[in-house]
Amino acid sequence: METVSKRSKLYYGWFVVGITFLILLVSAGINSIPSVLMLSFEQEFGWDRAAVSGAASIKIFLYGLMGPFSAALMARYGIRKMVVVSLLLLAASLSLTPFMTAVWQFDLLWGVAVGLGTGMLANVLGVTVANRWFVKHRGLVVGILTASAATGQLLFLPLLARITVDLGWRFAVYATIAVIMFLIPLVAILMRNHPYDVGAAPLGTDEVVKPTPFRGNLFLEPLRALGSASRSATFWLLAGTFFFCGFSTNGLIGTHLIPACGDYSIPIVAAAGLLALMGMFDLVGTTLSGWLSDRFDSRWLLFWYYGLRGLSLIFLPTALGLGYTQMLIFAVFYGLDWIATVPPTVRIASDTFGKERAGMVFGWVVVAHQIGASTAAYGAGVMRDLLGSYTVPFVLAGFVCLFASLMAVKIQRARNAVHAL
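Quick summary incoming for the structure in this document. (Residues numbered from 1 in each chain as written. Predicted model: local features only at pLDDT ≥ 70, side-chain atom pairs only at ≥ 80, totals over all residues. Heavy atoms only, no water.)

### Digging into the state of the cysteines
Move 1: Under the defined criterion, the tally for this structure stands at 0 disulfides.
Move 2: This cysteine, C245, is not joined by any disulfide, and C401 carries the nearest cysteine sulfur, 7.5 Å off.
Move 3: Considering cysteine sulfurs only, C401 is the nearest to C261, which forms no disulfide, with 18 Å between them. (Disulfide = S-S within 2.5 Å.)

This is how it looks when you write it as structure tokens:
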């Protein structure tokens, strides 16, 4: 019987990558919404920054916590089924959002429901797709899929900001629901779980292998993976650097840059444009990072990424005070490095812990990332209310990134000692 892979000259895995890119793009767009709506909620409901940041903090934490368990769920039930379920959960949560009147409802809908839904559509999904479908070009694929978050920002933030300003925040939510409803049938029809489903081998190999059935408890297997990985110093160094990564990216800049710009009278649409510009440059930087991780020592890539990010964050309060031109310089410099740390981190995790467990182990590393992001999302809001500006959290994030760059160069020693721990 002629298979899909034989009929088509283009490897089907690239179609899967394209669909996954769209999924992660929409997920990133949904994750960016609270930063656009923070000022609207402040004006309409009287909620302060700390209250709105609390929901964002819950969402970020659950987004990370879902990682290792989403890897197990996708192994048991398949990628396509779990993605459709997650998109339906997101559509339901967003549909109820325009009717909320209290902070606890925002916490439930955006903290819990959106956190769980987007947590399934996170970096672990990209890692799972890359590991299943690719041996050759795996780092590049991880870079492309990680960059989808940047593309989501690039497309969604200016559009949502414009809709919010012109029509109100509820119409921005309706537009997002429409995108989700378009995506659901696309995933249901075209997504495939494994190369074996189309009679193909992973790209870079010739052997068509039936996937190993998931065995074990959906709750316990991720915990066992954590227990095994936690005996390795490499795991703790990766988790530690990723904690600081989350602290300095989606938790801080992704959540608070737009309101910080508002403190300096930079309009919301212009501020969203800065985040979108970061997304454009991160699309380039993260894709290039994936290519580099196939060719160079990932530990030293992380050293440079964290170091340069730290310097840019220390410069940010000065840039805000000087005006829009300096903010453009920050957006370009920071954008190239936004999530370029993911491909080398994935590469180290896969090389150290093996392809079969890489998804769950990386999922736990992402938990550390999101704990850092959650800490920054809430903490920066509290500091802003107490101190009247974001200067302290921005500079603090810069220095912890410099510390993370030093942690990254210790990973070599840890890897040599993995089996001794």
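What follows continues from the structure just given.
### Brief notes about unusual backbone geometry
Move 1: Phi at S265 is positive, roughly 65 degrees, even though this residue is not glycine.
Move 2: The topology assignment puts S265 in the loop between α11 (253-263) and α12 (268-293).
Move 3: Judged by relative accessible area, which is 67%, S265 ranks as exposed. (Helix = DSSP H or I, 4+ residues; strand = E, 2+ residues; numbered from the N terminus. Buried < 20%, exposed > 50% of the residue type's maximum accessible area, 1.4 Å probe, protein only.)

### Side note on a nonpolar patch on the surface
Move 1: Judged by side-chain polarity, I58, L89, W104, L108, V112 and L116 come together as a nonpolar surface patch covering roughly 500 Å² of accessible area.
Move 2: The dominant element in the nonpolar patch, judged by the number of residues it contributes, is helix α5 (residues 103-120), at 4 residues.
Move 3: By the element assignment, I58 lies in helix α3 (residues 49-77).
Move 4: I58 sits in the partly exposed class, given a relative accessible area of 32%. (Patch = residues over 30% accessible without salt bridge, like charges linked within 9 Å, V, L, I, M, F, W, Y side chains within 5 Å. Areas by Shrake-Rupley, 256 points an atom, 1.4 Å probe, with all protein chains shown as cover. Salt bridge = Lys/Arg side-chain N within 4 Å of Asp/Glu carboxyl O.)

### Describing the environment of L140
Move 1: One can find L140 in helix α7 (residues 138-167).
Move 2: Residues L140 and A271, spaced 131 residues apart in sequence, show a C-alpha to C-alpha distance of 30 Å.
Move 3: Excluding anything up to four places from it in sequence, L140 contacts T287, G290, W291 and D294. (Contact = heavy atoms within 4.5 Å.)

### Concerning the packing of helix α2 (residues 12-45) against α5
Move 1: Between α2 and α5, whose axes approach to 10 Å, the crossing angle comes to 160 degrees. It follows that α2 is roughly antiparallel to α5 by the angle criterion. Our pair here, α2 against α5, has a crossing hand that is left-handed. Mapping the contact onto sequence places S27, I30, N31, I33, P34 and F41 in α2 and F106, W110, V114 and T118 in α5.
Move 2: Here the residues of the contact of α2 with α5 are counted per class, giving 7 nonpolar, 3 polar and no charged. (Axes fitted to C-alpha atoms, helices over the stretch in contact; angles between N-to-C directions. Parallel < 35°, antiparallel > 145°, perpendicular 65-115°, else oblique. Left-handed = near helix turned anticlockwise from the far one by under 90°. Nonpolar A, V, L, I, M, F, W, Y, C, P; charged D, E, K, R; others polar.)

### Observations regarding the nonpolar core
Move 1: Counting residues in hydrophobic clusters, the biggest one holds 125 residues, and the most contacted among them are I253 and M327.
Move 2: Top contributing element to this core by residue count: α2, with 15 residues. (Core = buried A, V, L, I, M, F, W, Y, C linked by side-chain atoms within 4.5 Å.)

### Some points on the packing of helix α13 (residues 298-322) against helix α15 (residues 342-353)
Move 1: The contact between α13 and α15 brings their axes to 9 Å, and the two run at 150 degrees. With respect to each other, α13 and α15 are oriented roughly antiparallel. Judged by the sense of rotation from one axis to the other, the crossing of α13 with α15 is left-handed. Contacts between α13 and α15 pair S298, R299, L301, L302 and Y305 from the former with P344, T345, R347 and I348 from the latter.
Move 2: Taken together, the residues that form the contact of α13 with α15 break down as 5 nonpolar, 2 polar and 2 charged.

Note that every value here comes from positions in space, so none of it alone points to a role or purpose.
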